[in-house]
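Coordinate analysis (summary)
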Amino acid sequence: MNGPLSGVRVLEVAQYTFVPAAGAVLADWGAEVVKVEHAERGDAQRGIVKLLGHDVYSQGSSFFPVMEGPNRGKRSIGLALDNPASRPVLTELIRRSDVFLTNYLPGARAKLGIELDAVRAINPDIVYVRGSGFGQRGPEADKGGYDSTAFWARGGSAAGATAPGAERLTRMPSGAYGDCTGGMTIAGGIAAALYKRATTGETSVVDVSLLGVGAWTTQFTVNLALMNGGPLPENSRPKHGSAANPLSGSYRTADGRWLELTMLQPGRYWPEFCAAVGRPDLVTDPRFADTAALMANAAAAAEVVAQILAARPLAEWIDVLGKVAGQWAVVQNSWEVAQDESLRANGGIATVVDAEGVPRELVASPVQFDQAPPELTRAPQFAEHTDEVLRELGLSDEELIALKIVGAAT
Amino acid sequence: MKAGIGQTLTSAVDATTVVVVRWPDADLELTCGGAAMLDAKDPTAGSGTPDPAQSAGSLLGKRYVDEAGGVEVLCTKAGTGTLAVGGTPLVIKTAQPLPASD
């Protein structure tokens, strides 16, 4: 099956996850992505040894999920952009590409000759895409950022996820948490730019910052603060339920698992919930007898709900609550996410074959076209496709070796 | 031998040809298929058969390194013999990223 971006050529000069993840999404959508890696060090991502305390290498195998996620479906060329001998190759790659994708900082872009003007001078129609920490304008345009700094800390998520008075700040729940969603955001921007180019002939510069993505994700509270004209009052969540709804919040089961209830209209779901859990008496309890009473006495109702749910194990609640119309979910760990029946039924976990021929599984990007999941191929090894790409550009074996002798290509 | 940077060496027993990229200030023997490699301009071109136990081969355009000794060569003509320094096979050079952790 050809993806919707089949035939689109993307040239990526980027490292780590945020911008490479955009390239991975475009590859999932059918684009042909060539990734330029530093001729000696490769993508700095290849040096990551631990994330959130977890070892990230697969012992005795080339399979490296930290690289596979943001780089599947690409080809890798090792090119020393700071070596003038590599310039004709880069020029030809730019000339034949539809999209130029980078997260290099302005100083590095200028030094390496990959600033907007330099790239457009070679290919006036190319869509020029910059991912950054803090945007291309303003006092921090030259400053680098990671998702933990620009997206999570600066973008409001860290404060929002940390309870008032907590001993420790809540860190991102997964490595590259903001980068992954940020990369998807960039991919969407590129798709719109390609549509404009196809329909009007005009190309675009596409800019996405991790700070902007962070503010977009926390916009409900940021917008409230804006309306408030100042910081929102510190609000401690009750131990159970929420301030006005006993059927919204997290509850523990007898076996220590969490259930997340989100039945936003408590008056509607209370009778059904009480009947399902075997407590029809609570429906007529005067404290909870109508919506207004239930919301006014939410704390008392939540105590009762907590006692009920703590009395039986998860497996029983899956059965009992499976029959109610209100929304709720089991809180799943990462392994359970990977095994999720609905996720798998929709192609959310894809198989790739690693360099040793072993089938492996990865999370698919979440946009699906034509009711079928994308077919993925593994991420490239460092500079795996240098020779193949250089030959496609018309270089002879002698020219290819000459580039390697002077260290311009790997 | 003490090879110089940019010097071309050829195998005495197969088609392998390499260009020296790094060579420490030391006298080392680079072998291919068990036989010492020769300067490409050496008129006494070698003849012989490769050691069957040393037939890992080399790939065109790949860099091979001896991680301990500091030798690095670039394969400019592929062959069947194993490249080795002092009996230790060279390995294909991989990315050298700086270790990172969050």
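Overview of the structure. (Residues numbered from 1 in each chain as written. Chains lettered and ligands numbered in written order. Predicted model: local features only at pLDDT ≥ 70, side-chain atom pairs only at ≥ 80, totals over all residues. Heavy atoms only, no water.)

**Observations concerning the overall build of chain B**
Regarding its fold elements, chain B presents 0 helices and 11 strands. Reading the helices (α) and strands (β) of chain B from amino to carboxyl end gives β-β-β-β-β-β-β-β-β-β-β. For 102 residues, the compact-globule formula gives about 13 Å, and the C-alpha radius of gyration of chain B, at 14 Å, lands near that figure. Each principal axis of the C-alpha distribution contributes one length, and for chain B these read about 55 × 30 × 20 Å. Expressed as a percentage of contacts within chain B between residues at least 6 apart in sequence, the contacts between residues at least 24 apart total 55%. For chain B, the distance from the average position of its 7 positive side-chain charges to the average position of its 11 negative side-chain charges is 9 Å. (Helix = DSSP H or I, 4+ residues; strand = E, 2+ residues; numbered from the N terminus. Rg over C-alpha atoms; globule rule 2.2 N^0.38 Å. Contact = heavy atoms within 4.5 Å. Lys, Arg positive; Asp, Glu negative; His and termini not counted. Charge placed at Lys NZ, Arg CZ, Asp CG, Glu CD.)

**Some points on helix H11 (residues 266-276) of chain A**
Residue and element names in this part refer to chain A. Among all positions in H11, only Pro266, Tyr269, Trp270, Phe273 and Cys274 are buried. Seen from one end, H11 has its buried residues packed into an arc of 135°, which puts them on one side. Among the structural elements, strand S10 (258-262), helix H12 (281-284), helix H13 (291-296), helix H14 (298-309) and helix H15 (314-321) are those in contact with the buried residues of H11. Once H11 ends, the next one or two residues include Gly278, with phi positive near 80°. (Buried < 20%, exposed > 50% of the residue type's maximum accessible area, 1.4 Å probe, protein only. Arc of directions from axis to C-beta.)

**Remarks on the interface of chain B and chain A**
With 18 residues of chain B in contact, the opposing surface of chain A contributes 25 residues. Summing the contributions of chain B and of chain A, the shared interface buries around 1500 Å²; its carbon and sulfur component is 59%. Counting across the chain B and chain A interface gives 0 salt bridges. Sort the elements by how many residues they give to the side of chain B that touches chain A and strand S7 (residues 71-77) of chain B lands first, with 3 residues. (Buried area = accessible area lost by both parts, 1.4 Å probe. Salt bridge = Lys/Arg side-chain N within 4 Å of Asp/Glu carboxyl O.)

**Let's talk about the nonpolar core**
Residues and elements named next belong to chain A. In terms of nonpolar packing, the biggest core is built from 32 residues, with Val10, Leu26, Val99, Leu101, Val129, Ile186 and Ile190 touching the most fellow members. Those elements giving two or more residues to this core turn out to be helix H1 (18-28), strand S6 (99-102), strand S7 (127-132), helix H6 (147-153), helix H8 (177-200), strand S8 (205-209) and helix H9 (210-217). Tallying contributions element by element places H1 first for this core, with 6 residues. Among all residues touching Val10, those that are not within four sequence positions of it are Leu26, Ala31, Glu32, Val33, Val34, Ser97, Val99 and Leu101. The next biggest cluster of nonpolar side chains, apart from the first, holds 30 residues, and it includes Ile122, Tyr128, Ile401 and Ala408. (Core = buried A, V, L, I, M, F, W, Y, C linked by side-chain atoms within 4.5 Å.)

**Re the pattern of salt bridges**
Residue and element names in this part refer to chain A. Under the criterion given, the structure shown has 32 salt bridges over all chains. Its salt-bridge partner being Arg9, residue Glu32 comes within 4.0 Å of it at the nearest N-O pair. Of this pair, Glu32 sits in strand S2 (residues 32-37) while Arg9 sits in strand S1 (residues 9-13), and the two are 23 residues apart along the sequence. Accessibility expressed as a relative area gives 29% for Arg9, which makes it partly exposed. Close ionic contact of Glu316 with Arg312 constitutes a salt bridge, the shortest N to O distance being 2.9 Å.

**Quick word on a nonpolar patch on the surface**
Taken together, Leu224(A), Met227(A) and Leu232(A) make up a surface patch of nonpolar side chains, about 310 Å² in accessible area. Relative to the assigned elements, Met227(A) resides in helix H10 (residues 219-228). (Patch = residues over 30% accessible without salt bridge, like charges linked within 9 Å, V, L, I, M, F, W, Y side chains within 5 Å. Areas by Shrake-Rupley, 256 points an atom, 1.4 Å probe, with all protein chains shown as cover.)

**Brief notes about the sheet that holds strand S4 (residues 54-55) of chain A**
Read from one edge to the other, the open sheet built from 3 strands follows the order S4(A)-S3(A)-S11(B), with strand pairing classed as mixed. Edge positions in the sheet fall to S4 of chain A together with strand S11 (100-101) of chain B, since each has one partner strand and no second. Alignment of strand S3 (residues 48-51) of chain A against S11(B), held across 2 bridges, turns out to be parallel. Paired with Ile48(A) across the bridge in S11(B) is Ala100(B). (Pairing = 2+ DSSP bridges.)

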